[in-house]
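# Observations on the model geometry
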Amino acid sequence: MDRPVSLIGKTAGGAYICKDWELRVTARCLGEDLNASTDADFESVRGLEIVKAFIGTHTDSPVSTRQVSPLTCGHEVWVVGYGDDHRGGSLHDPEAEVIWLLAYRRHRSGAEDDFFPYCRELDRDGLLLPKQADYARMYRERDRRFAEAVIHEAPVILREARATAGEYRCTVGGELGVGLTVEVDDELEAGAMTVAFQANKLETFAQGQLLLAALHKGPWEMTPRMPSRDLEPGEVAYTIISASGEAQ
């Protein structure tokens, strides 16, 4: 299989890729707390103690052992710690499949600039949580990673789907990409291909449309079912006749 090597355990732009989510640092935290550029890549801050702790805490778990409290933002903010001196606050957003590092300060219990009062001050001033610009950057980078993966993977998918009896299932664009089901019917004179993918979010629907264009220039028509089964919840399917050509 000549697919790209998995990104798990690697940095990509502003993200560190884990199996079920990605780790990111908000622009405010990058600029004000880590003394980095607000659009710095994750790799450039990966060597910092608090970022090492962030990776170690959240590679496999969305939570840590304690929360920052009391807060007024209505979200669970988890304490990330490194040794006795370094503390950070993290937030898991399961809908977007991301965990954010929100804040960092040295830990000196009772000191005015200690992490915990600092974190509560950010919360009070509405500066703790990620902003729309943080999410916009994340989705731009995901779209770019997916587009690069699709260009590489589409010919492989088409070849393997044609060699598979019945459905061929794969994940496109790495572990955080789009799940894809392809069924090719070469018994038809012109050949036919039906493709299904989960489209319960705008992001995955847009990626699915990009994938269809990469597999064949079309025209694709929406279909209510796969040739051999009904659609699963949240799944959409498209079909095309004259699918004998290579991926575009």
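For every chain, the first residue of its written sequence is number 1, and the numbers climb from 1 along that sequence. Per-residue local features of the predicted model are confined to residues with pLDDT of at least 70, and side-chain atom pairs are confined, for both listing and counting, to 80 or more; whole-chain, interface and lining totals are unaffected and use all residues. For side-chain calculations, the full set of non-hydrogen atoms in the structure is used, while hydrogens and water are omitted.

With a 1 Å grid spanning the protein atoms alone, the term cavity applies to any set of points in which a 1.4 Å probe fits but cannot get out, the term pocket to an open set with protein on both sides within 12 Å along at least five of seven lines, and the term lining residue to any residue with an atom within 4 Å of a point. Grid points are joined across faces, edges and corners, and a volume is the space filled by probe spheres set on the points. Applying the stated rule across the entire model yields one cavity of 30 Å³ or more. There is about 40 Å³ of room inside the largest cavity. Around the largest cavity sit Gly 14, Val 25, Leu 30, Ala 40, Asp 41, Phe 42, Val 45 and Arg 137, which together line it.

Note on definitions: salt bridges are taken to be side-chain nitrogens of Lys or Arg within 4 Å of carboxyl oxygens of Asp or Glu. Scanning the entire structure with this criterion turns up 18 salt bridges. The salt bridge partner of Arg 24 is Glu 141, with a shortest N-O separation of 3.1 Å. Taken together, the residues span a long stretch of sequence, with Arg 24 in strand S3 (residues 22-25) and Glu 141 in helix H5 (residues 132-162) at a distance of 117 residues. Like Glu 141, Arg 24 is buried. Arg 137 is the salt-bridge partner of Glu 141, the closest N and O atoms lying 2.9 Å from each other. With Glu 141 and Arg 137 both in helix H5 and four residues apart, this pair spans about one turn of that helix. Each member of the pair, Glu 141 together with Arg 137, is buried. The structure contains a network of salt bridges with shared partners spanning Glu 22, Arg 24, Asp 41, Arg 137, Glu 141, Arg 142 and Arg 145. To qualify as a helix, a DSSP run of H or I must reach at least 4 residues; to qualify as a strand, a run of E must reach at least 2; elements of each kind are numbered from the N terminus. Accessible area is worked out with a 1.4 Å probe on protein chains only. A residue is then buried under 20% of its type maximum, exposed over 50%, and partly exposed in between.

Our focus in this paragraph is the pairing of S3. Across a regular strand the side chains alternate sides, sitting on one face of the sheet and then on the other. Every second residue of S3 is oriented toward a common face, with Glu 22 and Arg 24 on one face and Leu 23 and Val 25 on the other, all of them buried. When DSSP finds two or more bridges between a pair of strands, those strands are recorded as paired. Across three bridges, the pairing between strand S2 (residues 15-17) and S3 is antiparallel. Bridge assignment links Ala 15 to a residue of S3, and that residue is Arg 24. Pairing geometry for S3 and strand S6 (residues 98-106), over four bridges, is parallel. Note on S6: the bridge partner recorded for Leu 23 is Ile 99.

Our focus in this paragraph is the side chain of Asp 33. Here Asp 33 shows up in helix H1 (residues 27-33). A relative accessible area of 6% places Asp 33 in the buried class. Polar contacts, as counted here, are pairs of nitrogen or oxygen atoms within 3.5 Å of one another; within protein the pair requires one atom able to donate a hydrogen and one able to accept it, and residues that are adjacent in sequence qualify only if both atoms are side-chain atoms. Of the polar contacts made by the side chain of Asp 33, one reaches the side chain of Tyr 118; its length is 2.6 Å. In contact with Asp 33, other than residues within four places in its own chain, are Arg 28, Leu 102, Ala 103, Tyr 104, Arg 105 and Tyr 118. Only heavy atoms matter for contacts: two residues are in contact if any of them lie within 4.5 Å across the pair.

Turning our eyes to something else, we now look at the state of the cysteines. In a disulfide, the sulfur atoms of two cysteines are held together by a covalent bond. We call a pair of cysteine sulfur atoms a disulfide whenever their separation is within 2.5 Å. Per the stated rule, a full pass over the model turns up zero disulfides. The closest cysteine sulfur to the non-disulfide-bonded Cys 73 is located on Cys 119, 8.3 Å from its own sulfur. Owing to a relative accessible area of 22%, Cys 73 belongs among the partly exposed residues under this scheme.

What follows concerns the environment of Val 63. Mapped onto the elements, Val 63 comes out in the loop between helix H3 (49-58) and strand S4 (78-82). Accessibility expressed as a relative area gives 35% for Val 63, which makes it partly exposed. Separated by 29 residues in sequence, Val 63 and His 92 place their C-alpha atoms 7.5 Å apart. In this view, Val 63 contacts Thr 57, His 58 and Trp 78; residues no more than four positions away in its chain are not counted.

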